[in-house]
Amino acid sequence: MSADTSAATEAAARPAALPRSAYRLFRSIGTRWMDNDVYGHVNNVVYYSFFDTAVNGYLIEAGALDIHAGETIGLVIETRCNYFAPLAFPQAVEAGLRVAHVGRSSVRYEVGLFGAGDEMSAAAGHFIHVYVDRATRRPVPLPAALVRALQPLLVN
């Protein structure tokens, strides 16, 4: 394979920022002073916290997740984030949510993080929850309330 072909293949596979229209629902998240790192932008680890906040906040509000007493909980088994533009305190962040896959006991959530009002994502990523019994930590079928809550977020 030539260097030109290899570079073209790599460029085609490289993740790219996504527009707001790629997401089904948005949640606002405020940045905090402590989110910034010494380079003056939100530190990379905070983006994963934004993902958790957006998804779990939605599930709690939709009545699909009881973090204190629910019999079923979601455990993250895979996660990824690609960064396209910096976010920084005191900027407001808008998290776009969508669901790319629903399995028997797992869900792939995809999240785009946008500066308030920006058309293209500053970061985009995913995580996969496997839903398990709280006591045994063994996979269980997705609860009906969760499946209902996921419907508005599904993409083809």
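In this text, all values refer to a predicted model and were calculated from it rather than measured experimentally.

About the criteria used
- Residues numbered from 1 in each chain as written.
- Predicted model: local features only at pLDDT ≥ 70, side-chain atom pairs only at ≥ 80, totals over all residues.
- Heavy atoms only, no water.
- Helix = DSSP H or I, 4+ residues; strand = E, 2+ residues; numbered from the N terminus.
- Buried < 20%, exposed > 50% of the residue type's maximum accessible area, 1.4 Å probe, protein only.
- Contact = heavy atoms within 4.5 Å.
- Polar contact = N/O pair within 3.5 Å; in protein donor to acceptor, adjacent residues only side chain to side chain.
- Salt bridge = Lys/Arg side-chain N within 4 Å of Asp/Glu carboxyl O.

Draft legend 1. Geometry of the overall build of the protein chain. Helices and strands together make up the secondary structure of the protein chain, namely three helices and five strands. Along the chain direction, N to C, the helices and strands of the protein chain fall in the order α-β-α-β-β-β-β-α. Taking the principal axes of the C-alpha coordinates as reference, the protein chain spans close to 50 × 45 × 30 Å. Relative to its full complement of 156 residues, the protein chain shows a buried share of 38%. Long-range pairs, those at least 24 residues apart, make up 72% of the contacts in the protein chain between residues at least 6 apart in sequence.

Draft legend 2. Seen up close, the side chain of Arg-20. Along the chain, the position of Arg-20 falls in the loop between helix H1 (3–13) and strand E1 (25–30). Take Arg-20: its relative accessible area is 18%, and that puts it in the buried class. A polar side-chain atom of Arg-20 sits 2.6 Å from the main-chain carbonyl oxygen of Asp-118. Aside from chain neighbours lying at most four places away, what touches Arg-20 is Phe-26, Glu-94, Phe-114, Gly-115, Ala-116, Gly-117, Asp-118 and Glu-119.

Draft legend 3. Layout of unusual backbone geometry. Pro-90 follows Phe-89 through a cis peptide bond whose omega is 10 degrees. Positioned with a positive phi, Arg-137 is a non-glycine residue whose angle comes to about 65 degrees. Looking at where Arg-137 falls in the secondary structure, it is placed in the loop between strand E5 (123–133) and helix H3 (144–150). In this structure Arg-137 comes out as partly exposed when scored by relative accessible area, which is 44%.

Draft legend 4. Highlighting the side chain of Glu-110. Relative to the helices and strands, Glu-110 resides in strand E4 (residues 106–115). The class of Glu-110 is buried, set by a relative accessible area of 12%. Side-chain polar atoms of Glu-110 contact the side chain of Arg-108, separated by 2.8 Å. If near-sequence neighbours (up to four positions away) are discounted, Glu-110 is found in contact with Tyr-23, Gly-96, Leu-97, Arg-98, Ala-100, Gly-125 and His-126.

Draft legend 5. Spotlight on the pattern of salt bridges. Following the criterion strictly, the structure yields five salt bridges and no others. Of the charged contacts in the structure, one is a salt bridge between Arg-32 and Asp-35, with a shortest N-O distance of 2.7 Å. The partly exposed category is assigned to Arg-32, whose relative accessible area is 41%. Residue Asp-35 is classed as buried on the basis of its relative accessible area of 1%. Between Arg-108 and Glu-110 there is a salt bridge whose closest N-O contact spans 2.8 Å. Overall, the relative accessible area of 26% leaves Arg-108 in the partly exposed class. Shared partners join several salt bridges into a network, and the residues in it are Arg-98, Arg-108 and Glu-110.

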